[in-house]
Amino acid sequence: MDPELEAFIPLLPRPRYDDPVTERKTVAQLVASLPPPDTSAMEVTDLSVPAEPEVPVRIYRPLQAQGAVIWLHGGGCVVGGLDIEHPWAARLAEASGALVVSVGFRLAPEHPFPAPFDDAYAVLLWLTEHAADLGVDPERIAVGGLSGGARLAAAMTLRARDEQGPAIRYQVLNQPSIDDRMETPSSRFTDTPRLDSDILATAWRAYLGSAPVTPYAAPARADDLSGLPPAYVATAEFDPLRDEGIGYALRLLQAGVPVELHQWPGTFHGSNAILSAEVSQRQNAELAAALRRALAD
């Protein structure tokens, strides 16, 4: 374990996805206690995207924004929201130079699959249709997310390909949670910080509900990954999701999709939020730089 990260582990509470209401309050209080990000150099706007039901989004527009990314927060599609994701979304906009559309999709278990996925895809359709109004080139739209949000992003690329939908320029999959089968060696980790096998299984049960498990619910189940947008995939060493992320990146490569893959040693799930650690600074800077390059002219 990276020593700068290890010092924080005793301070990190164990997530309670079996009690989502309490867990959401705990995470919200933690984020509210942190210093807010500096958004003085960008416009931040809250909107509702027309859909059934409407989908709340928060748009971050840095000066001379270059392209756009639809960003889906982490939390296993059980925890998270616009306010909780605000610090990360603001920093991503600043570091990447992209217009960031942070999505407040519905959460499981109250709203299991396909509700969160439908919300995310509705935002993609809306952004593509209204790109000109937002000053965005519709050919420079990326999707991305962390953990459960990366699951939604990967699924969006599958659906857009299958339905000949919006052209997605790039996909950013940060520590993606994409395989409900949990058959990899890392998925059996039992003592890893923040996320272990039991917590992961609880989150998947909440997300899937009683729906059939399709590739749009668990993208690693897709048989064909050809024709998908180029990808940046990042994994953490002490993370149950590590092996499925690496495996998905390799399958994308084998299907002819350009992939940049970075496995970060000494890190754990979500540890990139510990901003004082040098490895976290490198993780976050690299992700933003990859997005900046992908959306460049």
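The shown structure was predicted, so the numbers you read here are calculated from the model rather than taken from an experiment.

Trainee: I'd love a proper account of the sheet that holds strand β7 (residues 231-238), names of residues and values included.
Mentor: In spatial order, the strands read β1-β2-β4-β3-β5-β6-β7-β8; together these 8 strands make up an open sheet with mixed pairing. Only two strands of the sheet have a single partner each, and these edge strands are β1 (42-49) and β8 (259-268). The average undirected angle you get between the axes of adjacent strands in this sheet is 15 degrees. Pairing between strand β3 (residues 68-72) and strand β5 (residues 141-146): 5 bridges, direction parallel. Among the inter-strand pairings, Val 69 is bridged to a residue of β5, identified as Ala 142. Its contacts with the sheet place helix α5 (residues 148-162) against β3, β5 and β6 (170-174), and it is angled at close to 145 degrees to β5. With respect to the sheet, helix α8 (residues 278-294) is in contact with β3, β5, β6, β7 and β8, its orientation differing from that of β8 by roughly 165 degrees.

Trainee: Tell me what's going on with the packing of helix α4 (residues 115-129) against α5, and back it up with residues and numbers.
Mentor: Axis separation between α4 and α5 bottoms out at 10 Å; the angle between their running directions is 60 degrees. Crossing angle aside, the handedness with which α4 passes α5 is right-handed. Packed against α4, whose contacting residues are Pro 116, Phe 117, Asp 118, Ala 120, Tyr 121 and Leu 124, the element α5 presents Leu 152, Ala 155, Met 156, Arg 159 and Ala 160 at the interface. Its residues assigned to classes, the contact of α4 with α5 shows 9 nonpolar, no polar and 2 charged.

Trainee: Report on the side chain of Ser 96, specifying residues and quantitative values.
Mentor: Among the secondary structure elements, Ser 96 is positioned in helix α3 (residues 82-96). Taking relative accessible area as the criterion, Ser 96 reaches 1% and is therefore assigned buried. Separated by 2.6 Å, the side chain of Ser 96 and the backbone oxygen of Leu 92 make a polar contact. Excluding residues within four positions of it along the chain, Ser 96 makes contact with Ala 288, Leu 291 and Arg 292.

Conventions we followed
- Residues numbered from 1 in each chain as written.
- Predicted model: local features only at pLDDT ≥ 70, side-chain atom pairs only at ≥ 80, totals over all residues.
- Heavy atoms only, no water.
- Pairing = 2+ DSSP bridges.
- Helix = DSSP H or I, 4+ residues; strand = E, 2+ residues; numbered from the N terminus.
- Axes fitted to C-alpha atoms, helices over the stretch in contact; angles between N-to-C directions.
- Contact = heavy atoms within 4.5 Å.
- Left-handed = near helix turned anticlockwise from the far one by under 90°.
- Nonpolar A, V, L, I, M, F, W, Y, C, P; charged D, E, K, R; others polar.
- Buried < 20%, exposed > 50% of the residue type's maximum accessible area, 1.4 Å probe, protein only.
- Polar contact = N/O pair within 3.5 Å; in protein donor to acceptor, adjacent residues only side chain to side chain.

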